[in-house]
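# An overview of the molecular structure
Listed here are the chains, written in short residue letters.
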Amino acid sequence: MTETTELDKTRRYLRPVRATPIADDPDGVHLSVYSWLPMFDAWATGMGLCGESMMQGPLPEGTEVTCPSCLAYWPKYERMLAPGYRPEDDDPEVLRARLERIRAEVKLLCDCCGDNRERMGRIRAELGLDTEGYFSEDGEES
(Lines give C-alpha, C1' and ligand atoms only; values in the text may rest on other atoms or scores of the structure.)
Protein backbone atom coordinates (compact mmCIF):
# COMPACT_ATOMS: atom_id res chain seq x y z
CA MET A 1 0.00 0.00 0.00
CA THR A 2 1.40 3.41 -0.88
CA GLU A 3 1.31 6.46 1.37
CA THR A 4 -1.37 8.17 -0.72
CA THR A 5 -3.81 5.27 -0.38
CA GLU A 6 -3.48 5.52 3.42
CA LEU A 7 -4.17 9.26 3.59
CA ASP A 8 -7.59 10.66 4.43
CA LYS A 9 -8.86 12.27 1.22
CA THR A 10 -10.92 14.80 3.17
CA ARG A 11 -7.82 16.30 4.81
CA ARG A 12 -4.89 18.36 3.56
CA TYR A 13 -1.28 17.69 4.52
CA LEU A 14 2.04 19.55 4.46
CA ARG A 15 4.68 17.91 2.29
CA PRO A 16 8.18 18.85 1.15
CA VAL A 17 8.40 19.82 -2.54
CA ARG A 18 11.04 20.89 -5.04
CA ALA A 19 11.01 24.36 -6.58
CA THR A 20 10.74 24.91 -10.32
CA PRO A 21 14.00 25.44 -12.26
CA ILE A 22 13.25 29.17 -12.66
CA ALA A 23 12.78 29.77 -8.91
CA ASP A 24 15.16 31.95 -6.88
CA ASP A 25 16.50 28.78 -5.26
CA PRO A 26 15.84 25.90 -7.71
CA ASP A 27 17.70 23.41 -5.49
CA GLY A 28 15.74 24.40 -2.37
CA VAL A 29 13.20 22.21 -0.62
CA HIS A 30 9.95 23.95 0.27
CA LEU A 31 6.66 23.04 1.93
CA SER A 32 3.37 22.77 0.08
CA VAL A 33 -0.19 21.76 0.88
CA TYR A 34 -0.91 18.27 -0.43
CA SER A 35 -4.57 17.56 -1.10
CA TRP A 36 -6.87 15.17 -2.91
CA LEU A 37 -8.42 16.56 -6.11
CA PRO A 38 -11.56 14.53 -6.86
CA MET A 39 -11.95 16.03 -10.35
CA PHE A 40 -8.60 14.47 -11.31
CA ASP A 41 -8.87 11.48 -8.98
CA ALA A 42 -5.34 12.27 -7.79
CA TRP A 43 -3.27 13.87 -5.03
CA ALA A 44 -1.60 17.20 -5.88
CA THR A 45 0.69 19.79 -4.34
CA GLY A 46 0.25 23.52 -4.75
CA MET A 47 2.52 26.52 -4.41
CA GLY A 48 5.12 26.63 -1.69
CA LEU A 49 4.05 28.20 1.60
CA CYS A 50 6.47 30.98 0.69
CA GLY A 51 4.47 31.74 -2.47
CA GLU A 52 6.90 30.33 -5.05
CA SER A 53 5.82 27.93 -7.79
CA MET A 54 6.76 24.32 -7.14
CA MET A 55 7.22 21.15 -9.14
CA GLN A 56 4.17 18.87 -8.93
CA GLY A 57 4.30 16.04 -6.43
CA PRO A 58 5.78 15.71 -2.97
CA LEU A 59 9.30 14.66 -2.10
CA PRO A 60 9.65 11.68 0.26
CA GLU A 61 8.30 12.23 3.78
CA GLY A 62 11.09 13.43 6.07
CA THR A 63 13.00 15.32 3.36
CA GLU A 64 14.63 18.34 5.03
CA VAL A 65 12.96 21.66 4.18
CA THR A 66 15.54 24.36 3.42
CA CYS A 67 13.37 27.40 2.60
CA PRO A 68 13.41 29.79 5.59
CA SER A 69 10.07 31.36 4.59
CA CYS A 70 8.32 27.99 4.37
CA LEU A 71 9.81 27.00 7.72
CA ALA A 72 8.49 30.24 9.26
CA TYR A 73 4.95 29.50 8.02
CA TRP A 74 5.09 25.81 8.99
CA PRO A 75 3.65 26.08 12.57
CA LYS A 76 0.72 28.23 11.43
CA TYR A 77 -0.19 25.92 8.54
CA GLU A 78 0.26 22.84 10.68
CA ARG A 79 -2.23 24.26 13.19
CA MET A 80 -4.65 25.33 10.47
CA LEU A 81 -4.60 21.92 8.77
CA ALA A 82 -5.08 19.95 12.00
CA PRO A 83 -8.42 18.17 12.43
CA GLY A 84 -10.82 20.25 14.48
CA TYR A 85 -9.16 23.58 13.69
CA ARG A 86 -11.56 26.51 13.83
CA PRO A 87 -10.58 29.87 12.27
CA GLU A 88 -11.94 31.69 15.32
CA ASP A 89 -9.19 30.01 17.38
CA ASP A 90 -6.79 32.56 15.87
CA ASP A 91 -9.07 35.59 16.25
CA PRO A 92 -8.01 37.65 19.30
CA GLU A 93 -11.48 39.19 19.71
CA VAL A 94 -13.16 35.77 19.72
CA LEU A 95 -10.57 34.48 22.20
CA ARG A 96 -11.08 37.52 24.48
CA ALA A 97 -14.85 37.01 24.42
CA ARG A 98 -14.43 33.30 25.18
CA LEU A 99 -12.13 34.13 28.11
CA GLU A 100 -14.65 36.62 29.50
CA ARG A 101 -17.45 34.01 29.26
CA ILE A 102 -15.26 31.47 31.06
CA ARG A 103 -14.35 34.02 33.73
CA ALA A 104 -18.04 34.76 34.28
CA GLU A 105 -18.87 31.05 34.55
CA VAL A 106 -16.00 30.43 36.97
CA LYS A 107 -17.13 33.41 39.05
CA LEU A 108 -20.63 31.94 39.27
CA LEU A 109 -19.24 28.53 40.23
CA CYS A 110 -16.96 30.06 42.85
CA ASP A 111 -19.84 32.04 44.31
CA CYS A 112 -21.85 28.80 44.61
CA CYS A 113 -19.11 26.74 46.26
CA GLY A 114 -18.44 28.26 49.66
CA ASP A 115 -16.77 25.18 51.16
CA ASN A 116 -13.32 25.64 49.56
CA ARG A 117 -12.75 29.36 49.77
CA GLU A 118 -8.91 29.23 49.77
CA ARG A 119 -8.85 27.30 46.49
CA MET A 120 -11.50 29.57 44.97
CA GLY A 121 -9.44 32.60 46.02
CA ARG A 122 -6.39 31.24 44.15
CA ILE A 123 -8.48 30.47 41.05
CA ARG A 124 -10.11 33.90 41.11
CA ALA A 125 -6.70 35.59 41.52
CA GLU A 126 -5.28 33.62 38.58
CA LEU A 127 -8.23 34.67 36.41
CA GLY A 128 -7.91 38.29 37.49
CA LEU A 129 -11.24 38.26 39.38
CA ASP A 130 -11.92 40.07 42.65
CA THR A 131 -10.65 37.99 45.61
CA GLU A 132 -12.16 40.09 48.41
CA GLY A 133 -13.74 37.83 51.01
CA TYR A 134 -11.73 34.78 49.96
CA PHE A 135 -8.76 33.29 51.76
CA SER A 136 -5.23 33.75 50.42
CA GLU A 137 -2.61 31.02 50.21
CA ASP A 138 -1.27 31.85 53.71
CA GLY A 139 -4.70 31.12 55.20
CA GLU A 140 -5.61 34.71 56.04
CA GLU A 141 -8.67 36.40 54.64
CA SER A 142 -7.84 38.78 51.80
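None of these values were measured; they are calculated from a predicted model. (Residues numbered from 1 in each chain as written. Predicted model: local features only at pLDDT ≥ 70, side-chain atom pairs only at ≥ 80, totals over all residues. Heavy atoms only, no water.)

## Thoughts on the nonpolar core
Cut-off, in case you're wondering: Take the buried Ala, Val, Leu, Ile, Met, Phe, Trp, Tyr and Cys residues and link them wherever side-chain atoms come within 4.5 Å; each set so joined is a nonpolar core. Burial status follows relative accessibility: with a 1.4 Å probe on protein chains alone, a residue under 20% of its type maximum counts as buried, one over 50% as exposed, and anything between as partly exposed. The contact criterion used is simple: two residues touch if any of their non-hydrogen atoms lie within 4.5 Å.
Counting residues in each nonpolar core, the largest one holds 9 residues, listed as L14, V29, L31, L49, L59, V65, C67, C70 and L81. If we ignore the near neighbours within four places in the chain, the residues touching C70 are H30, L31, G48, L49, C50 and V65.

## Some remarks on the pairing of strand β3 (residues 42-48)
Note the threshold: Two strands pair under a simple rule: DSSP has to find at least two bridges between them. Only DSSP runs of H or I with at least four residues qualify as helices, and only runs of E with at least two residues qualify as strands; both kinds are numbered from the N terminus onward.
Sheet topology places strand β2 (residues 29-37) next to β3; 5 bridges connect them, and they run antiparallel. Opposite S35, over in β3, you have A44 as the bridge partner. A loop of 4 residues connects β2 with β3, the two strands running antiparallel in sequence, and D41 in this loop sits at a positive phi of about 55°.

## Section: the packing of aromatic side chains
To be explicit about the condition: Stacked, tilted and edge-to-face pairs are distinguished by plane angle, under 30 degrees for stacked and over 60 for edge-to-face with tilted covering the rest, among Phe, Tyr and Trp rings (Trp via its six-membered ring) whose centres lie within 6.5 Å. By the criterion adopted, a ring carries a charge over it if an Arg CZ or a Lys NZ lies within 6 Å of its centre and within 35 degrees of its normal.
Inspection of every chain in the model, using the stated rule, returns 4 aromatic pairs. Their ring planes at 25° and their centres at 5.1 Å tell us that Y34 and W43 sit as a pair that is stacked. On the basis of relative accessibility, which here comes to 14%, the residue W43 falls in the buried class. Plain terms: the ring middles of W36 and W43 are 5.6 Å apart, the flat faces sit at 70° to each other, and that makes the pair edge-to-face. Exposure remark for W36: the relative accessible area of 17% places this residue in the buried category. Taken together, the ring pairs in this structure connect Y13, Y34, W36 and W43 into an aromatic cluster. Across the ring face of W36, the terminal group of K9 is positioned such that the distance to the ring centre comes to 3.9 Å.

## Here's the deal with the environment of E88
In this fold, E88 is placed in the loop between α2 (68-81) and α3 (92-112). In this structure E88 touches V94, L95 and R98, once residues within four positions along its chain are discounted.

## Remarks on unusual backbone geometry
Positive phi outside glycine occurs at D41, with the angle close to 55°. Inspection of the secondary structure puts D41 in the loop between β2 and β3.

## Considerations on the pattern of salt bridges
The condition is simple: We define a salt bridge as a contact between a side-chain nitrogen of Lys or Arg and a carboxyl oxygen of Asp or Glu at a distance within 4 Å.
Tallying each qualifying case throughout the model produces 5 salt bridges. The salt bridge involving E93 is made with R96; its shortest N-O contact spans 3.0 Å. Residue E93 and its partner R96 are both found in helix α3; the two are separated by 3 residues, about one turn of the helix. Overall, R96 belongs to the partly exposed group, its relative accessible area being 48%.

Read these as layout, nothing more, since geometry by itself doesn't imply function.
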